[in-house]
Structure formats: C-alpha cells, structure tokens
Amino acid sequence: MINCPEVSVVDIPRIFNVTESAHRIHNPFTPEKLAIVGAALRLEPRTRVLDLGSGSGEMLCTWARDYGICGTGIDMSQLFTEQAKLRADELGVADRVEFIHADAANYVADEKVGVAACVGATWIGGGVGGTIELLTKSLRAGGIVLIGEPYWLKLPPTEAVAKGCHAGSISDFLLLAELLASFGNLGYDIVEMVLADQDSWDRYEAAKWLTMRRWLETNPDDDFAKDVRAELTSAPERYVTYTREYLGWGVFALISR
C-alpha cells in the first residue's frame, strides 16, 4: 500500500482489506519487477530478510523459493498475514519464512538480518528517515536497507491534485532526484533501484476495481457497501486523472557509508 493512516487496533482500514484482497503484491509492482529486485540484490542462500509491512508475503515467499533466503514478515492486516501464510505453504517455503500479525512500528529482529525492508509502508516509521532508523536496528553491519517509496513524476500544480494522488499535501513526496539525494543526506549509498512503470501501476490500481465489484455483488447488504460503492465509482477516473499522471514509485537499496 502506498499510504496508510495509523489506526488504533492491529489492523488496517477495512477499505484496503476489501480493495486489495485479491492482490498478491500491495504496491504498483508486477511479479517480474519483484523478481528483478531479488536478482539485483544478489541474494545468497540463507540470507535473512526482515520485511516490515509484508502484506500477503509475496516478496519473502518468492525470494525463499527462487533465491533460498529465509526471513520474517510483519503486517497489521490480519487478512494479508493469513494470505501470506497460505502463500508460503503453496510455494513450499513455510519452513523458511514466518509471518506475524502485529504492528511493525517498533519491531526489531532478535537476530541481525542481511536485508531489512519496508516496501511501500514508510508510515511505519513516520517517514523515510524514521523507517530507515528503525530498520537499521535489525540490520547486520554492511547489510542492505530496502525502501519502497512514492515520488513525484512532476510536481502537482495544486494541493488538490496532490490529494487526488492520496497524498496529504505536495510536501509528502519528493521528486525522484530529491528522494535519491535525501538518502545520501542520511548517510547511505544507493546501490540499486527498480522503478514502477505505467503497466505495473495499471495492474495495481485497475485490479482493485473488479475486486470491489465482485465484493459488492457478494455483500450487497453489508454496512460497508456504500463506502466500497463510492470508491469503485470514483477510483478509475481519479487514478487516470491524478496518480497515473503525477506519481511514481520505486524500490531503493541502500548501504550505510
């Protein structure tokens, strides 16, 4: 998920559990791009990976299958955590990865990891800087911090346009060059990056629409149906008008200088 407000219980807002219930990747990334990230990191077998905001576990599960890593994922969504456990069973990697339903905001691994990741959920640490600081508490010396973060393709002309991209304001995100510079200012070398493209954005956003329609057909009397209907009615036009035009997203690998 690109942006998610804090909640008072250990779960995410229900709208995300509905709209992304059929997603395996809760960011504008395709399976191919997720595999590219894993290959780009040159992961060694048995590398330990921590994933804060692990969603439905696709990153850890496929990397365990393809690269032999092991690791732990933490996520606030009970639904996504259960999906992650099922995915681990499906891919035959349940002995190498575990998924914990919890608030990741203060989570520190018992054993230092080679890769500490927060891909698309930097609200966990109050922003990029705070999230990197949290991740480094679990990271071995010389390990890789992996951050997934939005950036502006071009600056929105008004705050209303920024809000149309689900940003609180223009200042919530940076241009790509500014985002990369911010990593350097925090004392990190950028050693890899893989960026979303228009197709991966379309797959992430448009897949929600059929999910919402099917949910409405199955749950017409649910009290939440009016919210889902409102989102389905507005989301396609809002996406092509705002997000598709102004918002980028990428995964960035960092190593401390």
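Everything below is about the structure shown above.
Residues numbered from 1 in each chain as written. Predicted model: local features only at pLDDT ≥ 70, side-chain atom pairs only at ≥ 80, totals over all residues. Heavy atoms only, no water.

1. Some remarks on the overall build of the protein chain
- Along its length, the protein chain carries nine helices and seven strands.
- Over its C-alpha trace the protein chain gives a radius of gyration of 18 Å, about what one expects of a compact globule, namely 18 Å for 257 residues.
- If you line up the protein chain on its principal axes, its C-alpha atoms span 50 × 45 × 35 Å.
- The buried share of the protein chain, taken over its 257 residues, is 52%.
- Taking all contacts inside the protein chain whose residues are at least 6 apart in sequence as the whole, residues at least 24 apart take part in 74%.
- Summing over all exposed atoms, the protein chain offers an accessible surface of approximately 11,800 Å²; the carbon and sulfur share of this is 51%.
- Charge-centre separation for the protein chain: the mean point of 24 positive side chains lies 3 Å from the mean point of 36 negative side chains. (Helix = DSSP H or I, 4+ residues; strand = E, 2+ residues; numbered from the N terminus. Rg over C-alpha atoms; globule rule 2.2 N^0.38 Å. Buried < 20%, exposed > 50% of the residue type's maximum accessible area, 1.4 Å probe, protein only. Contact = heavy atoms within 4.5 Å. Areas by Shrake-Rupley, 256 points an atom, 1.4 Å probe, with all protein chains shown as cover. Lys, Arg positive; Asp, Glu negative; His and termini not counted. Charge placed at Lys NZ, Arg CZ, Asp CG, Glu CD.)

2. Description of the pattern of salt bridges
- The final tally for this structure, using the stated rule, is 18 salt bridges.
- The salt bridge partner of Glu58 is Arg87, with a shortest N-O separation of 2.8 Å. Linking Glu58 in helix α3 (residues 58-67) with Arg87 in helix α4 (residues 78-91), this pair joins segments that are 29 residues apart in sequence. There is no split in this pair, since Glu58 and Arg87 are both buried.
- Glu82 is the salt-bridge partner of Lys85, the closest N and O atoms lying 3.7 Å from each other. Taken as a pair, Lys85 and Glu82 lie in helix α4 at a separation of three residues, close to a single helical turn.
- The exposure class assigned to Glu82 is partly exposed, which follows from its relative accessible area of 40%.
- Through salt bridges with shared partners, a single ionic network connects Arg24, Glu58, Arg87 and Glu90. (Salt bridge = Lys/Arg side-chain N within 4 Å of Asp/Glu carboxyl O.)

3. Digging into the side chain of Arg87
- Classification of Arg87 as buried rests on a relative accessible area of 9%.
- With near-sequence residues (within four places) excluded, Arg87 lies in contact with Arg24, Ser56, Glu58, Cys61 and Thr62.

4. Observations regarding the packing of aromatic side chains
- This structure, assessed with the given rule, holds six aromatic pairs.
- Consider the rings of Trp152 and Phe173, whose centres lie 5.4 Å apart with planes at 65 degrees: the pair is edge-to-face. Of this pair, Trp152 sits in strand β5 (residues 139-152) while Phe173 sits in the loop between α6 (159-164) and α7 (176-185), and the two are 21 residues apart along the sequence.
- Take Phe173: its relative accessible area is 9%, and that puts it in the buried class.
- Ring plane angle 50 degrees and centroid distance 5.5 Å describe the contact between Phe183 and Phe252, whose orientation is recorded as tilted. Taken together, the residues span a long stretch of sequence, with Phe183 in helix α7 and Phe252 in strand β7 (residues 247-256) at a distance of 69 residues. You'll find Phe183 and Phe252 in the same group, each marked buried.
- Positioned above the aromatic ring of Tyr246 is the side chain of Lys154, whose terminal nitrogen or guanidinium carbon lies 5.2 Å from the ring centre. (Phe/Tyr/Trp six-rings, centres within 6.5 Å; stacked < 30°, edge-to-face > 60°. Lys NZ or Arg CZ within 6 Å of the ring centre and 35° of its normal.)

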